[in-house]
Amino acid sequence: LSPTDVPQATKVFTAADAVPDPTYGSVTYNSILTTSAEKLYDTQYDYNKTPTIDAANWSLRIDGLVDNPLTLHYQDVKEMPAYEEMRTIECIGNPVGGGLIGNVVWRGFHMEDVLSKLGIKKEATHAKFEAADGYSTSVELKWIMQPNVMMAYQMNGAPLTTTHGFPLRIMMPGLYGQKMPRWIQHIEFIAQDYIGFWEGNGYSNIATVKTNSLIQSPPDNAKVGVGRRVEIEGVAYGSPRKITKVEVRIDGGDWMPAQIVNGPNNLTWTQWWAEWVPTTTGSHQVAVRATDESGFVQSHDNSGIFGSDSRDGTDAIHAINLQAITI
């Protein structure tokens, strides 16, 4: 998520802001923000191996412990019953408040339409994925067998870009991007776990999304006016858990409820905003935390294993500093 995706509070607020700027709240008040292909984050195990694939020569092979192996070509993919759905995707290595997250309207087909034809053998415990760039990983069977697994070939109404996985990528609710390869060309059902590149380098082998929230605006160290209204806004995410509450804290005080707008499903981020009027000059810390429908509440400060160094995702609290000045 690029900072240019949202209005940034780089100005000093003045008396004119007694009436909300009609463009400032467009991110949170009117509709759920989506991220363009150009601004969606890109993390790869090897940036020198981005494949350029000719759809006419591409295929997806699905085999292993199945009764009926299948090979799908691009035309087969396009002829499958299709659907569109907005979903957020986040990198497991996204630091607290970081930009390795984005929200996209994807189009593809239900993986269950293919699974029902395979006849998966009872010995199978995992699905192994291989991509055209040489990347591989695996998931327990429950992740690929769950509802709403999408094989996506479009994003925001256009074919996947080369960077984001053309011609096909897999989207599985509840997992970080590490477990959802782009440029997918082989799915093998196997009877044991398989350790892929990131897992072999110390990252979680489960890679389930942790509930987190971030402040998008104002930016860290922005100047704001004493006695003037400051609008603070951002997003929270906990796929597949619904975000039920977002709260903001000023200078270590009490947590105050923010306004929230949930996305069209629990697989998208929730947008939130709150207002604050600084009464003294100087530096003020603003922090945010989210609560999800399971009852989980973010509670860890951004330090150590719960912060940006985690290789298991993070649910640490995001905080920024704002500089209040006299106008």
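Just so you know, these numbers come straight off a predicted model, no measurement behind them.

Describing the nonpolar core
Next up, step 1: In terms of nonpolar packing, the biggest core is built from 51 residues, with Trp-106, Ile-144, Met-172, Ile-187 and Phe-189 touching the most fellow members.
Next up, step 2: The dominant element in this core, judged by the number of residues it contributes, is strand β7 (residues 150-155), at 5 residues.

Some points on the packing of aromatic side chains
Next up, step 1: This structure, assessed with the given rule, holds 6 aromatic pairs.
Next up, step 2: Here the guanidinium or amino end of Lys-128 rests over the ring plane of Tyr-194, the centre of that ring lying 4.3 Å away.

Some points on the side chain of Glu-247
Next up, step 1: Positionally, Glu-247 belongs in strand β14 (residues 243-250).
Next up, step 2: A distance of 2.8 Å separates the side chain of Glu-247 from the side chain of Arg-289, its partner in a polar contact.
Next up, step 3: For Glu-247, the contacting residues outside a window of four places in its chain are Trp-255, Met-256, Pro-257, Ala-258, Ala-287, Val-288, Arg-289 and Thr-291.

Details of the environment of Ser-59
Next up, step 1: Within the secondary structure, Ser-59 is located in strand β1 (residues 59-64).
Next up, step 2: Between the C-alpha atoms of Ser-59 and Leu-72, which are 13 residues apart in sequence, the distance is 5.5 Å.
Next up, step 3: Excluding residues that lie within four positions of it along the chain, Ser-59 makes contacts with Thr-71, Leu-72, His-73 and Gln-185.

Let's talk about the sheet that holds strand β18 (residues 282-292)
Next up, step 1: Across the sheet, 5 strands lie side by side as β12-β19-β18-β14-β15; this open sheet has mixed pairing. Of all the strands in the sheet, the pair left with one neighbour each is β12 (223-225) and β15 (255-257). Direction aside, neighbouring strands of the sheet carry axes that sit 40 degrees apart on average.
Next up, step 2: Across 7 bridges, the pairing between β14 and β18 is antiparallel. Of the residues in β18, the one forming a bridge with Glu-247 is Arg-289.

Quick word on the side chain of Thr-314
Next up, step 1: When you line up the elements, Thr-314 lands in the loop between β18 and β19 (318-325).
Next up, step 2: Reaching out from Thr-314, the side chain makes a polar contact with the backbone nitrogen of Ala-316 at a distance of 3.1 Å.

Re the pairing of β14
Next up, step 1: Judged by how many residues are buried, β14 sits mostly within the fold: 6 of 8 residues are covered.
Next up, step 2: A loop of 4 residues connects β14 with β15, the two strands running antiparallel in sequence, and Asp-251 in this loop sits at a positive phi of about 50 degrees.

What to know about the pattern of salt bridges
Next up, step 1: Here the structure, examined in full by the defined rule, presents 10 salt bridges.
Next up, step 2: Here Arg-182 and Asp-42 are joined by a salt bridge, their closest N and O atoms 2.8 Å apart. With Arg-182 in the loop between β9 (169-171) and β10 (184-190) and Asp-42 in the segment before β1, this residue pair connects regions lying 140 residues apart in the sequence.
Next up, step 3: For Asp-42, a relative accessible area of 25% gives the class partly exposed.
Next up, step 4: Among the salt bridges present, the one from Arg-289 reaches Glu-247, with a minimum N-O distance of 2.8 Å. Of this pair, Arg-289 sits in strand β18 while Glu-247 sits in strand β14, placing them 42 residues apart in sequence.

Observations concerning the pairing of strand β17 (residues 270-276)
Next up, step 1: By the criterion of burial, β17 is predominantly enclosed, with 6 of the 7 residues buried.
Next up, step 2: Of the pairings in the sheet, the one linking strand β13 (residues 230-237) to β17 comprises 7 bridges and is antiparallel in character. When the sheet's bridge partners are listed, Val-235 is paired in β17 with Gln-271.
Next up, step 3: One ladder, built from 3 bridges, connects strand β16 (residues 259-261) with β17; its direction is antiparallel. Within β17, the residue paired with Val-261 across the bridge is Gln-271.

Let's talk about the confidence of the model for the protein chain
When pLDDT is low, close inspection of the predicted coordinates is not appropriate.
Next up, step 1: In the predicted model, the protein chain carries a mean pLDDT of 89, and 88% of its residues have values of at least 70.
Next up, step 2: Note that pLDDT drops below 50 for residues 1-27; the model gives that stretch 65 contacts with residues more than four away or on any other chain.

Side note on the sheet that holds strand β11 (residues 212-217)
Next up, step 1: The sheet built from 4 strands is open, its strands ordered β11-β13-β17-β16 with antiparallel pairing. The open sheet has two edge strands with one neighbour each: β11 and β16. With direction set aside, neighbouring strand axes in the sheet form an average angle of 25 degrees.
Next up, step 2: Sheet topology note: the β11/β13 ladder contains 5 bridges and is antiparallel.

Observations regarding unusual backbone geometry
Next up, step 1: In this chain, Phe-166 is followed by Pro-167 through a cis amide linkage whose omega measures 10 degrees.
Next up, step 2: Of note, Pro-167 is situated in the loop between β8 (158-159) and β9.
Next up, step 3: Of note, the bond from Ser-217 into Pro-218 is cis; its omega dihedral lies within 30 degrees of zero at 0 degrees.
Next up, step 4: At Ala-207, a residue that is not glycine, the phi angle is positive and equals roughly 60 degrees.
Next up, step 5: Mapped onto the elements, Ala-207 comes out in the loop between α4 (197-200) and β11.
Next up, step 6: When its relative accessible area of 0% is taken as the criterion, Ala-207 is described as buried.

Parameters and conventions
- Residues numbered from 1 in each chain as written.
- Predicted model: local features only at pLDDT ≥ 70, side-chain atom pairs only at ≥ 80, totals over all residues.
- Heavy atoms only, no water.
- Core = buried A, V, L, I, M, F, W, Y, C linked by side-chain atoms within 4.5 Å.
- Buried < 20%, exposed > 50% of the residue type's maximum accessible area, 1.4 Å probe, protein only.
- Helix = DSSP H or I, 4+ residues; strand = E, 2+ residues; numbered from the N terminus.
- Phe/Tyr/Trp six-rings, centres within 6.5 Å; stacked < 30°, edge-to-face > 60°.
- Lys NZ or Arg CZ within 6 Å of the ring centre and 35° of its normal.
- Polar contact = N/O pair within 3.5 Å; in protein donor to acceptor, adjacent residues only side chain to side chain.
- Contact = heavy atoms within 4.5 Å.
- Pairing = 2+ DSSP bridges.
- Axes fitted to C-alpha atoms, helices over the stretch in contact; angles between N-to-C directions.
- Salt bridge = Lys/Arg side-chain N within 4 Å of Asp/Glu carboxyl O.
- pLDDT = per-residue confidence, 0-100.

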